[in-house]
Amino acid sequence: MIHTNACKLYKKIGAEAVLTEQSDLRQYLTGLSTSFGYVLSDKNGNVFYTDARYLEGAKEALKDTDIAVKQFVGPLENLLKSYKQIAIPLSRTYYGEYKKLSDIGLDIVDSGDVFAQEMSIKQPYELGFIKKACEITDRAFNDLLPRIKEGMSENETAAELEYLMRLYGASGTSFSTIVAFGNNSSVPHYETGERKLKFGDIILIDFGCKVGGYCSDCTRTFLFGDDGKHSEFKKAYDRVLEAHMLLKEKLVSGMSGREADAIARDCLAKYGLDKYFTHSLGHGIGINVHEYPNLSPKSLHTLTDGMVFSDEPGVYFEGDFGIRIEDTVTLADGKVISLTDSDKKLTII
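Let me sum up the structure you'll find in this document. (Residues numbered from 1 in each chain as written. Predicted model: local features only at pLDDT ≥ 70, side-chain atom pairs only at ≥ 80, totals over all residues. Heavy atoms only, no water.)

### Considering the overall build of the protein
So, point 1. Secondary structure assignment for the protein yields 10 helices and 19 strands.
So, point 2. Computed over the C-alpha atoms, the radius of gyration of the protein is 22 Å, within 12% of the 20 Å expected from 2.2 N^0.38 for a compact globule of 349 residues.
So, point 3. Along the three orthogonal principal directions, the C-alpha set of the protein runs to about 75 × 40 × 35 Å.
So, point 4. Residues classed as buried in the protein amount to 54% of the 349 residues present.
So, point 5. Of the contacts made within the protein by residues no fewer than 6 positions apart, 62% connect residues no fewer than 24 positions apart.
So, point 6. Split by element, the accessible area of the protein, about 15800 Å² in all, is 51% carbon and sulfur. (Helix = DSSP H or I, 4+ residues; strand = E, 2+ residues; numbered from the N terminus. Rg over C-alpha atoms; globule rule 2.2 N^0.38 Å. Buried < 20%, exposed > 50% of the residue type's maximum accessible area, 1.4 Å probe, protein only. Contact = heavy atoms within 4.5 Å. Areas by Shrake-Rupley, 256 points an atom, 1.4 Å probe, with all protein chains shown as cover.)

### What to know about the environment of Thr192
So, point 1. Summarising the element assignment, Thr192 is placed in the loop between β8 (178-181) and β9 (201-207).
So, point 2. When its relative accessible area of 16% is taken as the criterion, Thr192 is described as buried.
So, point 3. For Thr192 and Thr157, which are 35 residues apart along the polypeptide, the C-alpha to C-alpha distance reads 9.5 Å.
So, point 4. Setting aside chain neighbours within four positions, we find Thr192 in contact with Glu154, Asn155, Ala158, Thr177, Ile178 and Val179.
So, point 5. Engagement of the side chain of Thr192 in a polar contact is seen with the backbone oxygen of Thr177, the distance being 2.8 Å.
So, point 6. At 2.9 Å, the side chain of Thr192 forms a polar contact with the backbone nitrogen of Val179. (Polar contact = N/O pair within 3.5 Å; in protein donor to acceptor, adjacent residues only side chain to side chain.)

### Overview of the packing of helix α9 (residues 231-250) against helix α10 (residues 257-269)
So, point 1. Between α9 and α10, the shortest axis-to-axis distance is 9 Å and the interhelical angle comes to 150°. Helix-helix and strand crossings are classified by hand; for α9 and α10 the assignment is right-handed. Of the residues in α10, those in contact with Arg239, Val240, Glu242, Ala243, Leu246, Leu247 and Lys250 of α9 are Ala260, Ile263, Ala264, Cys267 and Leu268.
So, point 2. When grouped by side-chain class, the residues that make up the contact of α9 with α10 number 9 nonpolar, no polar and 3 charged. (Axes fitted to C-alpha atoms, helices over the stretch in contact; angles between N-to-C directions. Left-handed = near helix turned anticlockwise from the far one by under 90°. Nonpolar A, V, L, I, M, F, W, Y, C, P; charged D, E, K, R; others polar.)

### Let's talk about the sheet that holds strand β7 (residues 172-173)
So, point 1. Here 3 strands make up an open sheet; going across it, the order is β7-β10-β11 and the pairing antiparallel. With partners counted over all chains shown, the strands left at the sheet margins are β7 and β11 (214-215), one partner each.
So, point 2. Sheet analysis places β7 next to strand β10 (residues 209-211), joined by 2 bridges and oriented antiparallel. Pairing of Gly172 across the sheet is with Lys210, part of β10. (Pairing = 2+ DSSP bridges.)

In structure tokens:
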């Protein structure tokens, strides 16, 4: 029998029963991506309750595991009437759902922190999916470059990149692809639009894909031709790249997210650029593209071997240009290993 994460989480949480409804947390427990269902774990085992849309597939996928599959017949309260205590992820639960459980007399405890901690340390199979997603990300970006032509829109460029990632085996994107031309790059989370590419434009692309339900995340900034008007951009690019690479050199297991962020932020401060670094250095990556831990000026999260997160310093000059250089990285044997690794020296196409 294959032991899933459901049994492990139940033991770690220590409640009489654990109820999990959120799609990403369900996926972590079952390995299945579904839009509806509940995983209920107690001392007798684990059951995935779902509807007819997923019943056959779930039974086949979980037949050799420690999770039984049953059709859900509501209301939910009927599944829980034999319990006195239930664990749910409080920060991910709407008040109405919480009140419904509270009103039937259940003692409610929080499962959220245990989920966050356990999901942050990637098991070998999880790391394998992320590595494959990163390989596809690199390959698709490298193959995109010769396809970029003057007059293409941001949307066309995003579509071409997403097509390539799918072509190479991705099941979808980690998030909506960001393509920003020219001064649109100064908006850190720009919404890809219809701007047409012109000679001399800066191009910023923030993208990633999913394999086996796990994400990659990467950002590259480069030039479409050199019109001789980008001396300040080039200097800033070199300094962002220096901060990016310094994090990989200096970060070790046991540091806090705050200490990691300071490596890159202090590097940019030497050049007076820290005030233009307007977001945190990084975030955990897994089933979700934003997970625990955080690498930010206030983060006390401890970074340990097995975690996967982003290294993404950036600077943004309003109305002019922005630069972000991002890799998906992991910690192993105390040191940073980059999982996305396409060339980060300034590219001019």
